[in-house]
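In case you want the letters, here they are:
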Amino acid sequence: KVMDYIAIFCDYVFWILLAYCAANLLLWVGEQAGIVHPHFEEWSPVRWWHTNPHGLQKELYENRTSGEEFDGLKKWIEGGPGGWVNPKLGIHDYLSERGRYERRLEVKEAVDRDEVLVRLPLSHVLSSDFCQQDLTDGTIRKVVEAQKKSSDGIEISPWTWITLYMIAHSHKGGSSSASSATWRFDSLLKSEYIDAALSYMPIFWDDANLHWLNGTDLLNIHVLDVHAAIETEYHKLTYLVSDIQDTIPVVDFKKWAMVVMSRGETVDLPDRENKTRTVPQLAIMPLIDLVDHHLPMPEKPLRTDDDLLKYQERGSHTNISYNAALAAVVLKAKDMMPKDTAVTVGYGVRSNADYLLYHGFTMPRDWSDLTLCTQYGMIELPLPLDMPAWKSRFMLHGYRYAVPACPSRKSTPHVIIGAARFLVATEADVMSFEDRVLKDPSLLEAKVTAKKEKFLNHGVLEALTTVCDTVAQPPLCRSPLSLSSERAAWALVKKHTLMRVALHPVSMAEDERILASDDKEGTLTVNQRHAVIVRREEKQTLQRWCSIAATIADFLQTPEAEPEIANTRLPEEEKLENEEPRTRPIYWQRLMEFSLPENTRELPVGCQAR
């Protein structure tokens with residue numbers, strides 16, 4: 001009987017396993033045929049938006065008390081060791097575009113070159129290290145202790161510490177005066193002003209405003225990335241200290257986190273572990289953070305690195321730096337500033353999408369035209385369904401790649417092309433190129449080791465690690481493997497570039513029509529106009545890159561391409577950046593021609609956003 005029971009049990013297990021395998025096989029067949037689709041739980045961010053931001057702006061302006069709060073802020077700073085605020089400084093409240101309430105620092109009298117405007121004591125600078133050491137707040141103290149005890153090695157982002165500090169002291173600041181010893185940051189940051197300022201950032205837009213960003217990377221990628229980054233930090237905190245979710249709602253944390261991201265500056269401050277040296281740190285600098293960040297428009301298009309450097313040097317009226325002798329952050333005038341001039345510190349030349357995402361403003365429409373050659377688009381190369389095992393072990397998923405609108409010697413599409421070479425490489429390409437490399441090591445920039453004699457044939461896997469960089473992520477083939485392979489790599493990039501351009505539902509011509517109409521009639525809200533400027537700039541950058549990809553892909557199909565596949569090497573004395581390869585194909589020089597003003601070409605078929 002025992003043997004009978006064992007036989008029955010074995011039969012039961014056999015049929016269960018057989019049914020399980022059959023079910024999985026049917027699911028796989030269904031997925032391949034497109035009948036069955038795997039279902040994954042979608043993540044949805046926690047959102048908040050103000051129901052009447054325009055009304056709030058108007059109310060804040062009519063009831064403004066910035067002058068009194070600014071005087072209190074000055075007293076607080078001057079109450080610190082060595083703190084001082086130039087009496088020529090004042091705060092100016094005004095309504096900018098379409099009734100948007102703004103505040104900025106201005107000089108009430110003329111200021112000389114190198115004149116000090118503010119000395120902010122180190123004790124008043126809200127850096128990550130400073131906020132982390134503030135044990136007067138129970139929440140920060142609990143997080144610090146829980147992090148030390150945790151065996152998981154949970155790292156907290158620098159901006160998270162500043163966010164916690166500002167949340168804690170905003171509650172205290174509500175019941176204390178500006179000169180109070182417990183008051184630690186800008187009293188001008190009242191909750192109503194924060195709500196008003198945040199209403200211009202896409203992370204806090206409602207669905208009607210977000211609709212204007214349809215098809216953009218800003219909406220589909222970057223806004224979600226910011227939501228995810230903030231909520232990830234919040235979940236780390238609640239994991240370490242569970243009662244945080246009862247005292248700090250995720251929406252409040254998200255608001256203050258964006259305040260830190262938008263107003264924070266990176267400045268060299270003393271290292272906590274070695275006070276004799278300084279390291280770059282994110283910090284909130286009260287009063288200094290009231291400077292105007294709008295740059296003047298360039299007089300001509302910025303095409304070269306020299307153009308960019310000269311423009312950025314002229315764009316800011318002031319410098320922010322740490323003075324070790326004074327133990328203070330000093331705001332100093334770079335040039336003479338006439339009376340009633342705004343105190344400016346530029347964020348640098350960035351895309352309008354970046355300005356809008358983190359700071360809630362865009363530069364004028366012409367900014368996109370004048371700074372096009374500093375912009376980058378994003379192209380995704382997914383994994384092919386039939387990728388062989390000897391390659392798939394090195395690349396587990398697809399990647400998104402930054403592509404320059406105007407390639408230069410310091411910025412070429414070497415990463416996306418290197419990845420494309422890897423994706424399209426065949427076994428014959430790899431084995432053949434390895435044989436050529438062993439005979440002529442100059443074909444590769446990296447040092448080549450001789451092939452060792454083995455009992456078994458030298459496999460394609462080993463050859464791949466020789467001719468391509470399989471350690472990098474994504475893995476890259478830094479040199480052309482063959483003419484056919486190079487053609488396939490650029491064809492792949494061109495294909496996905498055309499697909500990305502086609503995802504924009506509105507044409508660039510329509511964007512220009514909308515903006516021109518709004519210039520005359522003023523029918524768009526602030527957020528709607530910003531959205532159109534951003535999506536126009538993204539399309540402009542993508543179309544420019546598409547023109548480059550299509551032109552090079554078409555050239556490689558011609559007989560003239562074969563000799564230009566050969567490698568050339570840049571001189572050792574030429575300084576390269578961004579891991580640009582020194583060894584590159586001859587045709588690579590054609591990429592540089594696209595940044596020349598005379599090389600404005602008609603867009604190839606398919607590169608025009610619809």
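Everything numeric in this text was worked out from a predicted model, so none of it was measured.

I'm lost on the overall build of the chain in this one. Help?
Secondary structure assignment for the chain yields 23 helices and 14 strands. Expressed as lengths along the three principal axes of its C-alpha atoms, the size of the chain is roughly 85 × 80 × 55 Å. Of all 610 residues assigned to the chain, the portion counted as buried reaches 49%. Summarising the internal contacts of the chain: among those between residues at least 6 apart in sequence, 73% fall at separations of at least 24. Across the chain, the mean location of the 68 positive side-chain charges is 2 Å away from that of the 86 negative side-chain charges.

Hey, could you run me through the nonpolar core in this one?
Nonpolar side chains tend to gather and get buried jointly when the protein is soluble and globular. Counting residues in hydrophobic clusters, the biggest one holds 54 residues, and the most contacted among them are Val 430 and Trp 490. Elements with a minimum of two residues in this core: strand S11 (376–381), strand S12 (399–404), helix H16 (414–424), helix H17 (427–439), helix H18 (460–467), helix H19 (483–502), helix H21 (526–555) and helix H23 (589–592). Here this core takes 9 residues from H21, the largest share from any one element. For Val 430, the residues in contact, after removing those within four places along its chain, are Trp 390, Ala 425, Val 460, Ala 463, Leu 464, Val 467 and Leu 481. The next biggest cluster of nonpolar side chains, apart from the first, holds 49 residues, and it includes Val 143, Leu 237, Met 258 and Val 534.

Is there a simple way to explain the packing of helix H7 (residues 191–198) against helix H11 (residues 250–263) in this structure?
The relative placement of two packed helices comes down to the angle between their axes together with the axis-to-axis distance. Viewed as axis vectors pointing N to C, H7 and H11 meet at an angle of 70°, and their least axial separation amounts to 11 Å. In terms of orientation, H7 and H11 fall into the roughly perpendicular class. When H7 is examined against H11, the residues Tyr 193, Ile 194, Asp 195 and Leu 198 are found in contact with a partner set consisting of Lys 255, Trp 256, Met 258, Val 259 and Arg 263. The residue makeup of the contact of H7 with H11, split by class, is 6 nonpolar, no polar and 3 charged.

Hey, could you run me through empty space enclosed by the protein in this one?
Empty pockets left among the atoms are what a rolling probe the size of a water molecule brings to light. With the rule as written, the count across this model stands at 2 cavities of 30 Å³ or more. Space inside the largest cavity adds up to approximately 500 Å³. Lining the largest cavity are 28 residues, and of these Arg 100, Glu 102, Tyr 193, Arg 263 and His 359 lie nearest its centre. Contributions of two or more residues to the lining of the largest cavity are made by helix H2 (53–62), strand S3 (101–107), H7 and H11. The dominant element in the lining of the largest cavity, judged by the number of residues it contributes, is H7, at 5 residues. For the lining of the largest cavity, the residue count by class is 16 nonpolar, 5 polar and 7 charged. Looking at the lining of the second largest cavity, the elements with two or more residues in it are H16 and strand S14 (583–585). Along the lines of polarity and charge, the residues of the lining of the second largest cavity split into 5 nonpolar, 3 polar and 3 charged.

I keep staring at the state of the cysteines and nothing clicks. Help me out?
Disulfides are covalent bonds that connect the sulfur atoms of two cysteines. For the coordinates displayed, the defined rule picks out 3 disulfides. In this model Cys 373 forms its disulfide with Cys 406; the gap between the sulfur atoms is 2.1 Å. Given an S-S torsion of about -60°, the disulfide between Cys 373 and Cys 406 has left-handed geometry. Of this pair, Cys 373 sits in the loop between helix H14 (366–370) and S11 while Cys 406 sits in the loop between S12 and H16, placing them 33 residues apart in sequence. Of the two residues examined, Cys 373 and Cys 406, each falls in the buried class.

Honestly, the packing of aromatic side chains in this entry has me stumped. Any pointers?
Working definition: an aromatic ring pair is given by the centre-to-centre distance plus the angle between the planes. Evaluated as defined, the whole model comprises 14 aromatic pairs. Arranged with centres 5.6 Å apart and planes meeting at 75°, the rings of Trp 48 and Phe 204 form a pair that is edge-to-face. Of this pair, Trp 48 sits in the loop between helix H1 (2–33) and H2 while Phe 204 is found in the loop between H7 and helix H8 (207–210), placing the two residues 156 residues apart along the sequence. Looking at Trp 48, the relative accessible area reads 19%, which means it is buried.

Would you take a moment to explain the side chain of Arg 100 for this structure?
Along the chain, Arg 100 turns up in the loop between strand S2 (89–95) and S3. On the basis of relative accessible area, Arg 100 is assigned to the buried category, the value being 6%. Polar side-chain contacts of Arg 100 include one of 3.2 Å to the side chain of Glu 102. Those residues in contact with Arg 100, other than ones at most four positions away along the chain, are Gln 57, Tyr 94, Leu 95, Tyr 200, His 359, Gly 360, Phe 361, Val 526 and His 530.

How should I be thinking about a nonpolar patch on the surface in this particular structure?
On the surface, a cluster of nonpolar side chains totalling about 520 Å² of accessible area is made up of Phe 9, Tyr 12, Val 13, Ile 16 and Leu 17. Inspection of the secondary structure puts Val 13 in helix H1. On the accessibility criterion, Val 13 (33% relative accessible area) is partly exposed.

Which parts of the structure should I look at to understand the sheet that holds strand S6 (residues 265–270)?
Strands belonging to one sheet form pairs held by backbone hydrogen bonds; the direction of such a pair is parallel or antiparallel. Taken in spatial order, the 3 strands make up an open sheet running S5-S7-S6, and their pairing is antiparallel. Of all strands in the sheet, those bounded by a partner on one side alone are strand S5 (126–127) and S6. Pairing between S6 and strand S7 (residues 278–284): 6 bridges, direction antiparallel. Directly across from Pro 270, in S7, lies its bridge partner Thr 278. Of the strands in this sheet, S6 and S7 are in contact with H11, which crosses S7 at around 130°.

Which parts of the structure should I look at to understand the sheet that holds S2?
The 3 strands lie next to each other as S2-S3-S10, forming an open sheet whose pairing is antiparallel. Strands at the two margins of the open sheet, each flanked by one partner only, are S2 and strand S10 (341–342). The pairing of S3 with S10 spans 2 bridges and is classified as antiparallel. Paired with Val 107 across the bridge in S10 is Thr 341.

When you look at unusual backbone geometry in this model, what are you seeing that I'm missing?
Most of the time, phi is negative for any residue but glycine, and the peptide bond is trans. In this structure, the amide linkage connecting Gln 473 to the following residue, Pro 474, adopts the cis form with an omega of 0°. As for its placement among the helices and strands, Pro 474 is situated in the loop between H18 and H19. At Leu 287, a residue that is not glycine, the phi angle is positive and equals roughly 75°. On the secondary structure map, Leu 287 appears in the loop between S7 and helix H12 (305–315). Its identity as a non-glycine residue notwithstanding, Asp 340 has a phi of 65°, on the positive side. With respect to the secondary-structure elements, Asp 340 resides in the loop between strand S9 (328–333) and S10.

Would you mind going over helix H3 (residues 66–78) with me for this structure?
Across its 13 residues, H3 extends 18 Å between first and last C-alpha, which sits within 8% of the 18 Å expected from 1.5 Å per residue. Buried within H3 are the following residues: Ser 66, Glu 69, Phe 70, Gly 72, Leu 73, Lys 74, Trp 76 and Ile 77.

Would you explain the environment of Thr 371 in this entry?
Within the secondary structure, Thr 371 is located in the loop between H14 and S11. Owing to a relative accessible area of 0%, Thr 371 belongs among the buried residues under this scheme. Along the chain, Thr 371 and Lys 494 lie 123 residues apart, while their C-alpha atoms are 24 Å from each other. When sequence neighbours within four positions are dropped, the list of residues in contact with Thr 371 reads Pro 298, Leu 302 and Val 349.

Rules behind the numbers
- Residues numbered from 1 in each chain as written.
- Predicted model: local features only at pLDDT ≥ 70, side-chain atom pairs only at ≥ 80, totals over all residues.
- Heavy atoms only, no water.
- Helix = DSSP H or I, 4+ residues; strand = E, 2+ residues; numbered from the N terminus.
- Buried < 20%, exposed > 50% of the residue type's maximum accessible area, 1.4 Å probe, protein only.
- Contact = heavy atoms within 4.5 Å.
- Lys, Arg positive; Asp, Glu negative; His and termini not counted.
- Charge placed at Lys NZ, Arg CZ, Asp CG, Glu CD.
- Core = buried A, V, L, I, M, F, W, Y, C linked by side-chain atoms within 4.5 Å.
- Axes fitted to C-alpha atoms, helices over the stretch in contact; angles between N-to-C directions.
- Parallel < 35°, antiparallel > 145°, perpendicular 65-115°, else oblique.
- Nonpolar A, V, L, I, M, F, W, Y, C, P; charged D, E, K, R; others polar.
- 1 Å grid on protein atoms, 1.4 Å probe; cavity = no way out; pocket = protein on both sides within 12 Å on 5 of 7 lines; lining within 4 Å.
- Points joined across faces, edges and corners; volume = space filled by probe spheres on them.
- Disulfide = S-S within 2.5 Å.
- Phe/Tyr/Trp six-rings, centres within 6.5 Å; stacked < 30°, edge-to-face > 60°.
- Polar contact = N/O pair within 3.5 Å; in protein donor to acceptor, adjacent residues only side chain to side chain.
- Patch = residues over 30% accessible without salt bridge, like charges linked within 9 Å, V, L, I, M, F, W, Y side chains within 5 Å.
- Areas by Shrake-Rupley, 256 points an atom, 1.4 Å probe, with all protein chains shown as cover.
- Salt bridge = Lys/Arg side-chain N within 4 Å of Asp/Glu carboxyl O.
- Pairing = 2+ DSSP bridges.
- Expected span 1.5 Å × (residues − 1).

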